[in-house]
Amino acid sequence: MSLAGFDVGLDRIAVGLFTGMAYGLLAVGLVLVYRSSRFINFAHGAIGVFGAAVLARLATGVPYWLAFPLAIAVAGLLAAGTEAVVVRRLAGRPRVIGMIATLGLAQFILVMALLVSRDSFSGATYPKPPGLPSFHIGTTAVGSSLTAMLLLTPVLLGSLGLFLNRTRFGIAIRAAADHPDAATINGVAAPRMAGLAWAVAGGVAAFSAILLTPTQGVQSIDSLGPELLLRGLAGAVIARMASLPIAFVASLGVGVLEQILLSGQTRGFVDVVLGVAILIALLRQRSPGRRAVEVGWTRSPASAPSRLGLVAPALGGVGLAYVVSNATASVLTEICGYALVGMSVILVTGVAGELSLGQFAFAGIGAAVSVRVAAASGNLFLGILAGCAAGALAAVLVGIPALRLRGVALGVTTLAFALATSGWLLRQPWLLGDGVTTPYPVWRGYIVSVATDYYLFALLLLGVGWWVTARLRAGGFGRLLLALRDNEEAARALTVAAPLRKLQAYAVCGALAALGGVVIGFGQPQLSVNSFPASASIDAVAIAVVGGMARNGGALLGSIVIVGIPALVPLGIPGQALLTLGWLLVVLLLPDGLGGVLSGALHRFTGWLRRVVATTAGAGRPRIARLTDLMDGPDASPAPTSLPASPPALPSVAAASPSLAASPSLSLAASPSPSLAASPSPSLAASPSPSLAASPSSPAAALPAGPLLRVAGVRRSFGGVRAVDQATLEVAEGEIVGIIGPNGAGKTTLFEILAGFTAVDAGTVHYRGRAITGWTPERRARAGLVRSFQDARLFPAMTVRETAMVAAEREFPTRLAADVLGPPEAAHARLASADRALAAMDLAHLADRPVGELSTGTRRLAEICCLLALEPRLLLLDEPSSGLTQADGAALGDLLLRIRSELGITVLVIEHDLPLLSRVADRLIAMDAGRVIADGRPDEVRAHPDVVLSYLGTDEAAVARSGAPPLEVP
Ligand SMILES: Nc1ncnc2c1ncn2[C@@H]1O[C@H](COP(=O)(O)OP(=O)(O)OP(=O)(O)O)[C@@H](O)[C@H]1O
């Protein structure tokens, strides 16, 4: 039967269901692992293939049906071992790194499978299950393997369901996956349960690989890589990486759809359709309320463009052109191209913190467009520009769905795009078709036709890409990306426009990868899709990780190791295994990659040389000190000495108290310190200054009639939990209002809604008379509605000064082009503004300390400093006293009163410290189970019977016990 040119007959559907079963099992394993470890195990398919290899080897000596469970058990053990040795070891590092480690592991395991048994890659010679019938559906032969799959898959899934839902271990796995902390408190060993989940997933993968291999032709490592993974991921993503049954059923659909499409189209077209299906599934997913904050990024030296750092390797590279053969020059050219793509990975993953598995697709598109445009226009530079623009555009389009969903979303969409590009897009006749003849680049009339000459041209483009990347990383743009990577919500609360900045990052990375593609493209007389396979995108990730993501030089180093060595030295399978094992070990053991090791060695070497020169030649600063710039460049953190002079330290909030430096805790016991408003600083303390008074959010600006904030009938549920339920409240200009309620009452969710981080199910929020329900967090923050966070995490890998510079973005925003080409005025202005703000809060002495090293109290002060720098009109503070000592808590009360009296800022504050609130608040609002249960004067609310019942549990006496005796309300 045919429909629109596609065969939808029974045969097709039957074959589709069989392959769909295999994809379904893959998807089930991916979901299981994702639920327990929160990342995608890219080695999942490879673990299955390893199990299949073990069966092929065992079946030569023992009966098949004995080898079958043994092989599954080996795969389960391998998966559990992966969890214990690789995943747990990387627990404190970003999840992206865990996923990258599994990419390396996948390659290593596949090579190992090849060493265990070559049969695991060939359907013709692979053992088939004995004792089971073969039959026909229509004209389709169903062999014994498919019969086994048909009979055993329901048994396997049924047992898995029973195991997860009915057994103690299964329930513990689910509990540990969904609520690890709660499970640990209840005595469930969460890490052991994750290991068990991985073991089950590994066994399932082996089951599917063992029964699927006999139905396949010869499989290559490539066909078992990204393509198979995408098919499993499609079902898993449709099931939102959560539901095992939906993942399985969706995968059956994927299998059937694939078979039907294959009747009239190529495999590449199937990838396009799957990519679109994944995109739709991702876009339909609702953005989660609170996001998990990414942990584990360490502070890395950003590479500022140092002249020596560029010139020294460039001179070495140029020198090579005169000593190597044309064949070697071609390899060197390839290394340059891959290094540029690796740099794009460094920017998107190392700096922006998102995994992209499609950078080579952008390279391919860039190459194809540039070659076409250059050939048509006869202008090489026009071709290069067009190629980079095409790469940037493609990256932006692919990145859009990932904007709302962090974590794995970009990895999944880019993987789909990589496959669709190499399988379909690049094969279109208007791009590469069956291959196009590349015109020779012409340089000022000179035709670059010799490989060694072309290598020099490649080196030039590498230098340009390096310089641009280094400028961006060291400037304001790099800082914004780091802030978004470390803590996206905090960055948005400081007015950073996350979607715009991320799209800019994707565009730059797409253009950079495309430039790599241009280098590779013009280096080949005939350009075809074979130069840009999907698996090369994974090599690009390997390059970045092996070389080290902290430095641009890492991409070059990684490219030499991953591309150069195999091209120059024939490795064979054992050599390849060693190389992949090597890069896996680098991921596990060297967070800074080989670049970090080399840079450390250079530092030590130059230190030693300096000492030698100093001893032999007496005093004097040897120039070789700057050799270290080869890897690092000067630290991007601007030296305080190079700044415009900061105003003298102010008589600030903390000035009258023991200094913050002297005490690790927050010291706000400043009252009666000189007034903030009286401070000579032109910054946050400058309420009467012209800039603040002129600001639209200034209290002096014309006020609309009515309350500053009006919340009406707001509702928000998470699953079955009504976090906020018909909340209605108002806050008048100039008030300090406290929000109280027991844990889980919905206070923070209400703040999330007010600040724009969580969407409402129903109800409206009006601020200054305008409906802001649909506004983004950054728009609200720019309008003066500013929030703090309960944990005051800020950006752990950034210094206090850099954090304050993020807040200064509101006044002096970073412009991408100016960051690369422009003069440093805006950067200086941001720096001066940050230093003024820090000085006003007496934090100047902490300016160069990484935020991650500060105590909670000091971080909280730094956070308030940044928030005040935004010149807010309404400040939402979420439990500002948590983590403070009692004395600091009292000083916080003084600070709140002065923020209102001297800066005219209205404050809405969530607090558990009732005595503090009773002292500073004009009004209290009590919440319970998402509802507002009381609203009025503090003494009234505290005495309200519902409040006593829900919040205090007992009676008014508990108020006195919960802290110091209440003070008079001012
Ligand atoms: N993103 C989310 N996903 C699922 N449930 C959520 C989410 N955010 C909040 N909740 C649930 O909503 C309810 C209210 O949580 P919320 O954090 O707003 O309360 P709270 O009053 O701020 O508590 P606490 O004082 O402990 O911070 C809780 O049951 C919480 O588990």
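Analysis parameters
- Residues numbered from 1 in each chain as written.
- Predicted model: local features only at pLDDT ≥ 70, side-chain atom pairs only at ≥ 80, totals over all residues.
- Helix = DSSP H or I, 4+ residues; strand = E, 2+ residues; numbered from the N terminus.
- Buried ≥ 20, exposed ≤ 12 C-beta atoms within 10 Å, placed from the backbone.
- Contact = placed C-beta atoms within 7 Å.
- Domains from an automatic or database assignment.
- Pairing = 2+ DSSP bridges.
- Axes fitted to C-alpha atoms, helices over the stretch in contact; angles between N-to-C directions.
- Core = buried A, V, L, I, M, F, W, Y, C linked by C-beta atoms within 7 Å.
- Left-handed = near helix turned anticlockwise from the far one by under 90°.
- Parallel < 35°, antiparallel > 145°, perpendicular 65-115°, else oblique.
- Nonpolar A, V, L, I, M, F, W, Y, C, P; charged D, E, K, R; others polar.
- Expected span 1.5 Å × (residues − 1).

Peer 1: Looking at this structure, I do not really get the overall build of the protein. What am I missing?
Peer 2: Helix and strand counts for the protein stand at 36 helices and 18 strands. Here the protein holds 970 residues, and 55% of them are scored as buried. Taking as baseline every contact in the protein between residues at least 6 positions apart, the subset at least 24 positions apart corresponds to 76%.

Peer 1: When you look at the domain arrangement of the protein in this model, what are you seeing that I'm missing?
Peer 2: One frequent convention defines the size of an interface as the accessible area lost when the parts assemble. Parsing the protein into structural domains produces domain 1 (2-264), domain 2 (309-590), domain 3 (598-627) and domain 4 (696-799 + 851-961). Each of domain 2 and domain 3 was reduced to a C-alpha centroid, and the two centroids are 35 Å apart.

Peer 1: Mind showing me how you'd approach the sheet that holds strand S12 (residues 762-767) here?
Peer 2: In any sheet, the strands associate via hydrogen bonds between backbone groups, in a parallel or an antiparallel arrangement. The strand order across the open sheet formed by 4 strands is S10-S9-S12-S13, and the pairing between neighbours is antiparallel. The open sheet terminates on both sides in strands that have one partner only, identified here as strand S10 (721-731) and strand S13 (770-771). Sheet topology note: the strand S9 (residues 709-718)/S10 ladder contains 7 bridges and is antiparallel. Within the sheet, the bridge partner assigned to valine 711 lies in S10 and is leucine 729. Those strands touched by helix H26 (residues 747-755) are S9, S10 and S12, and its axis lies near 60 degrees from that of S10.

Peer 1: Quick question: what am I supposed to make of the nonpolar core here?
Peer 2: Generally speaking, a soluble globular protein has its nonpolar side chains buried in company with each other. Grouped together as the largest cluster of nonpolar side chains are 311 residues, with contacts concentrated most on Val31, Ala71, Ala804, Leu838 and Cys865. Ignoring anything within four residues of it in the chain, the contact list for alanine 71 reads Gly51, Val54, Leu55, Leu58, Ala206 and Ile210.

Peer 1: Just checking my understanding: could you explain the sheet that holds strand S14 (residues 785-787) for this structure?
Peer 2: Spatial ordering of the open sheet is given by S14-S15-S16-S11-S17-S18, a layout of 6 strands whose pairing is mixed. Both edges of this open sheet fall to S14 and strand S18 (931-936), since each of them pairs with a single strand only. Averaged over neighbouring strand pairs, the angle between their axes works out to 15 degrees when direction is ignored. Together, strand S11 (736-740), S14, strand S15 (874-878), strand S16 (906-910) and strand S17 (923-928) form the strand contacts of H26, whose direction differs from that of S15 by roughly 150 degrees.

Peer 1: Sorry if this is basic, but what is going on with the packing of helix H14 (residues 359-377) against helix H16 (residues 409-423) here?
Peer 2: Between two packed helices, both the angle of their axes relative to each other and the distance between the axes serve to describe the pair. Where H14 meets H16, the closest approach of the two axes is 8 Å, and the angle between their N-to-C directions is 35 degrees. Crossing handedness for the pair H14 and H16: left-handed. Contacts from Phe360, Ala361, Gly364 and Ile365 of H14 reach H16 at Phe417, Ala418, Thr421 and Ser422.

Peer 1: Explanation requested: the pairing of S16 in the structure shown.
Peer 2: Along any regular strand, the residues point their side chains to alternate faces of the sheet. In terms of burial, S16 is largely enclosed, as 5 of its 5 residues are buried. The two faces of S16 match: Thr906, Leu908 and Ile910 on one face and Val907 and Val909 on the other face are all buried. Note that S11 and S16 share 4 bridges and pair parallel. Paired with valine 737 across the strands is leucine 908, a residue of S16. By the bridge criterion, 5 bridges tie S15 to S16 in an arrangement that is parallel. Looking across to S16, one finds that aspartate 878 is bridged to isoleucine 910.

Peer 1: Can you help me understand the environment of alanine 755 in this one?
Peer 2: Here alanine 755 shows up in helix H26. In sequence terms alanine 755 and isoleucine 772 are 17 residues apart; their C-alpha atoms lie 9.6 Å from each other. If we ignore the near neighbours within four places in the chain, the residues touching alanine 755 are Ala493, Pro777, Arg780, Leu785, Arg787 and Leu876.

Peer 1: Is there a simple way to think about the environment of glutamate 778 in this case?
Peer 2: On the secondary structure map, glutamate 778 appears in helix H27 (residues 777-782). In this structure the C-alpha to C-alpha distance between glutamate 778 and glutamate 489, which are 289 residues apart in sequence, comes to 9.6 Å. Not counting chain neighbours up to four residues away, the residues in contact with glutamate 778 comprise Arg492, Thr495, Val496 and Ala497.

Peer 1: What is the right way to read unusual backbone geometry from this model?
Peer 2: For residues besides glycine, phi is generally negative; the peptide bonds are generally trans as well. Residue arginine 240 is not a glycine yet carries a positive backbone phi of 55 degrees. Examined against the element boundaries, arginine 240 turns out to sit in the loop between helix H9 (223-238) and helix H10 (244-262). By C-beta crowding, arginine 240 is classed as partly exposed, having 16 other C-beta atoms within 10 Å. A positive phi angle, close to 50 degrees, is found at arginine 768, a residue other than glycine.

Peer 1: I would appreciate a short explanation of the packing of helix H18 (residues 476-486) against helix H28 (residues 800-807) in the present structure.
Peer 2: At a closest axis distance of 10 Å, the pairing of H18 and H28 adopts a crossing angle of 100 degrees. One way to sum up the angle between H18 and H28 is to call them roughly perpendicular. In contact with Arg479, Leu480 and Ala483 of H18, H28 contributes Glu802, Met805 and Val806. Residue classes in the contact of H18 with H28 are distributed as 4 nonpolar, no polar and 2 charged.

Peer 1: When you look at H10 in this model, what are you seeing that I'm missing?
Peer 2: Structural remark: α-helix, 3.6 residues per turn; residues separated by three or four positions point the same way. The terminal C-alpha atoms of H10 lie 27 Å apart, and with 19 residues this matches the ideal 27 Å at 1.5 Å per residue to within 8%. Those residues of H10 that sit buried are Leu244, Ala247, Phe248, Ala250, Ser251, Val254, Gly255, Val256, Glu258, Gln259, Ile260 and Leu261.

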